[in-house]
Amino acid sequence: MKKIILSLIAVLISVASFAQQPGGQRREFKPEDTAKRRADQIKETAKINDEQYKKVYDLFLKQAKDQQAKMKQAQQGGARPQFNREEMQKQQEATTKALKGILTEEQYKAYEKAQQERRQRFGQGGSGGFGPGQGGQRPGGDRPRRNNQ
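Just so we're clear, the structure is a prediction, and the values are computed from it rather than from any experiment. (Residues numbered from 1 in each chain as written. Predicted model: local features only at pLDDT ≥ 70, side-chain atom pairs only at ≥ 80, totals over all residues. Heavy atoms only, no water.)

Could you give an account of the pattern of salt bridges, naming the residues involved and the relevant values?
With the rule as written, the count across this model stands at six salt bridges. Here K36 makes a salt bridge to D40, at a shortest N to O gap of 2.7 Å. Of the two residues, K36 and D40 are both situated in helix 2 (residues 31-46); the distance of four residues between them amounts to about one turn of the helix. In this structure, the salt-bridge partner of K54 is D58, at a minimum N-O distance of 3.1 Å. Separated by four residues within a single helix, K54 and D58 lie in helix 3 (residues 50-76), roughly one turn from each other. A relative accessible area of 34% places D58 in the partly exposed class. (Salt bridge = Lys/Arg side-chain N within 4 Å of Asp/Glu carboxyl O. Helix = DSSP H or I, 4+ residues; strand = E, 2+ residues; numbered from the N terminus. Buried < 20%, exposed > 50% of the residue type's maximum accessible area, 1.4 Å probe, protein only.)

Spelled out as structure tokens, the structure:
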């Protein structure tokens, strides 16, 4: 569960960090784009049909709109958005339950496998980025050496 929470935090932080473009101009966050990107990922990894795609897209669209509303509310108050771990965990559990209701067992396994690979690729291999193979270390535990040392 910790892996899922950390993954969700990373997504939320990346959304917030990409909201501002060079030159100080803010790019409009579009929930439809986020929902489409996430649904497309599942379509590719789990081989879902059109009906399932629509349900997955609708699920992610609702989540993205909720997140956008929370971000706007925080910005209007002049505060930086705060990430509540418990709230995010509940949201992730609801997403997992919804996806299990939409996907077949085989599709869900394919989706989970792709998520695990994605976490490993982006340095969240199960220890939150602080275990062996994380935090600038190689899987063998040795730190990369410079040529001049």
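Can you tell me about the environment of Q67, naming the residues and giving the values?
Mapped onto the fold, Q67 is located in helix 3. Along the chain, Q67 and P31 lie 36 residues apart, while their C-alpha atoms are 8.6 Å from each other.

Which residues make up the nonpolar core, and what values do they have?
Counting residues in hydrophobic clusters, the biggest one holds 16 residues, and the most contacted among them are I42, I48, V56, F60, L99 and L103. Secondary structure elements with two or more residues in this core: helix 2, helix 3, helix 4 (85-102) and helix 5 (105-121). Sorting elements by how many residues they give to this core places helix 3 first, with six residues. Among residues more than four places away in sequence, those in contact with I48 are I42, K43, Y53, V56, L103 and Q107. (Core = buried A, V, L, I, M, F, W, Y, C linked by side-chain atoms within 4.5 Å. Contact = heavy atoms within 4.5 Å.)

I'd like to hear about the side chain of Q107, residue by residue, with values.
Locating Q107 in the fold gives a position in helix 5. On the basis of relative accessibility, which here comes to 11%, the residue Q107 falls in the buried class. At 2.7 Å, the side chain of Q107 and the side chain of Q52 are in polar contact. Those residues in contact with Q107 that lie beyond four places of it in its chain are A46, K47, I48 and Q52. (Polar contact = N/O pair within 3.5 Å; in protein donor to acceptor, adjacent residues only side chain to side chain.)

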